[in-house]
Every structure is written in structure tokens, then in C-alpha cells.
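Structural description and commentary
What follows is each chain in one-letter form.
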Amino acid sequence: KQEVTQIPAALSVPEGENLVLNCSFTDSAIYNLQWFRQDPGKGLTSLLLIQSSQREQTSGRLNASLDKSSGRSTLYIAASQPGDSATYLCAVRPSGNNRLAFGKGNQVVVIP
Amino acid sequence: GAGVSQSPSNKVTEKGKDVELRCDPISGHTALYWYRQRLGQGLEFLIYFQGNSAPDKSGLPSDRFSAERTGESVSTLTIQRTQQEDSAVYLCASSSASGRETQYFGPGTRLLVL
């Protein structure tokens, strides 16, 4: 069974600092890995999708890396802003099935 | 265009009652997923529909849970004889194809069983 772990569970940073969020997964046989953002009382918004053959994806201030062999992904958010405050979820789609396996999330607070 | 919508947004029910949750996927999306998010926990997969194929029901926690989808349209998740441990946010997602595509999530239905 695929297990996804996100560290740290929660963190607070002052505005302007870079954020580094870590995700690890136990089974390297994956189709893709996805980072989502979840705001309180709302659904999930997809941020970045990395296919198993890719090493990283970038979108604006966000960069996500994937090291499939070691079962790790890192989400970098450059020059954090208060609007980045949210919970960030990592999800892995294992090879052979269509369900996503989610971590419990990194709860981020960016202090103005 | 319109995203994934879910109704109701909130539902409070008494233990033992049945509830029905609805999901309207993005038009044209063949794949539809239901997940459950309990307080402080990660999302748990419940069920997956792909076109007219038999659904993957392997995530349903008990036989009190069932879901239906007609073709590539609306899906309903039914919980019979609700229990307090069923209290959670139920999230629906859809995607244009299985596997390599982004899943787009609805806002969820917050279910509270008293």
C-alpha cells in the first residue's frame, strides 16, 4: 500500500522567505505526483503535476521536483506572500490503479 | 467554463438516517472520483468511475456506502444508516482521462452526523 508523508505538518514563515515543503512516498512505482493547495472550507486546487518521467515542473514562483527512485518530492515557493497561506497536499498516483494517495498536508502560514 | 460542483455544501443529519450527496463533473470528463477527508486526516479514496466501465469500489469503507453514475454525467454518493464516524468532507473530482491528467476537485460536501 502506498503511504505518503508530508513534513513539516505545519510551519509559519515571515513574508518574503522561501518555502520548502517535503513529500515522501513508499512505493516508487508511480504514474505521476501532484501538488494541490487547499484553502479553509474550499476544495483542492491543482498547482503542479509531475509525470513519472519528469524531474521537475515550474509555474511562476512555484517549483516542484521529483526523485522517483528515492520516493521524494519537494515543493518550493519563492518569496512567500500572505496569500500563500493554505494547506499544501501532495498526492501520488501509483502505477496500475487510478486512485490518488494523499499525504496529510503541510499547513502554511505566511506572516505579513 | 464551469468547474466541478457538489451539493449540498453542508449537511447535518441524525445518526441512522440516509444521506445522498451529488457531484456534477466538468462537461466531457470521463473519469470521476469520490474521496473522503476526515478532520486532521489526508484524503481517502472511495470510488472511481471511468466511462461505462465497471467502477472501482475498492475504497468504500462499508456496505452502507454506495455510488452511482449515469454515463459521463452526474454522480451520487449514498450513505445509509449514517454513523458519527461518517462525519467528514466528501470531495468529488473529475478528469478528462484516467491516469495522466490533472484531477479537478469540487468544493466538497461537509457532512456532520449527530
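Reference entry: report on the structure contained in this document. This structure is a prediction, so every number in the text was calculated from the model and none was measured.

Structural notes on the overall build of chain A
For chain A, the helix and strand inventory stands at zero helices and eleven strands. Ordering the α and β elements of chain A from the N terminus gives β-β-β-β-β-β-β-β-β-β-β. A compact globule built from 112 residues would reach a C-alpha radius of gyration of about 13 Å, and chain A, at 13 Å, matches this within 12%. Split into buried and exposed, the 112 residues of chain A put 46% on the buried side. Carbon and sulfur atoms provide 47% of the accessible area of chain A, an area that totals close to 5200 Å².

A few points about the layout of surface pockets
As a volume, the largest pocket reaches approximately 540 Å³. Lining the largest pocket are 24 residues, and of these A:Lys1, A:Gln2, A:Phe102, B:Leu43 and B:Glu44 lie nearest its centre. Put simply, the parts of the chain that give the lining of the largest pocket at least two residues each are strand S1 (4-7) and strand S10 (101-102) of chain A together with strand S5 (43-50) of chain B. Here the lining of the largest pocket takes four residues from S5(B), the largest share from any one element. For the second largest pocket, the calculated volume is near 460 Å³.

Structural notes on the pattern of salt bridges
All names here are of chain B. Taken as a whole and assessed by the stated rule, the structure comprises five salt bridges over all chains. The shortest N-O distance in the salt bridge between Glu44 and Arg36 comes to 3.3 Å. The exposure class assigned to Glu44 is partly exposed, which follows from its relative accessible area of 28%. Where Asp86 meets Arg64, a salt bridge forms, and the shortest distance between an N and an O atom there is 2.8 Å. Residue Asp86 is found in the loop between strand S7 (75-79) and strand S8 (88-95), and its partner Arg64 is found in the loop between S5 and strand S6 (65-69); the two are separated by 22 residues along the sequence. Classification of Asp86 as buried rests on a relative accessible area of 1%.

Quick word on the sheet that holds strand S1 (residues 5-7) of chain B
Two strands in a sheet stick together by hydrogen bonds in their backbones, pointing the same way (parallel) or opposite ways (antiparallel). Residue and element names in this part refer to chain B. Within the open sheet, the four strands sit side by side as S1-S3-S7-S6. Their pairing is antiparallel. In the strand order of this sheet, the two ends are held by S1 and S6, each with one partner. For this sheet, the mean inter-axis angle between neighbouring strands, taken without regard to orientation, is 15°.

What counts as what
- Residues numbered from 1 in each chain as written.
- Chains lettered and ligands numbered in written order.
- Predicted model: local features only at pLDDT ≥ 70, side-chain atom pairs only at ≥ 80, totals over all residues.
- Heavy atoms only, no water.
- Helix = DSSP H or I, 4+ residues; strand = E, 2+ residues; numbered from the N terminus.
- Rg over C-alpha atoms; globule rule 2.2 N^0.38 Å.
- Buried < 20%, exposed > 50% of the residue type's maximum accessible area, 1.4 Å probe, protein only.
- Areas by Shrake-Rupley, 256 points an atom, 1.4 Å probe, with all protein chains shown as cover.
- 1 Å grid on protein atoms, 1.4 Å probe; cavity = no way out; pocket = protein on both sides within 12 Å on 5 of 7 lines; lining within 4 Å.
- Points joined across faces, edges and corners; volume = space filled by probe spheres on them.
- Salt bridge = Lys/Arg side-chain N within 4 Å of Asp/Glu carboxyl O.
- Pairing = 2+ DSSP bridges.
- Axes fitted to C-alpha atoms, helices over the stretch in contact; angles between N-to-C directions.

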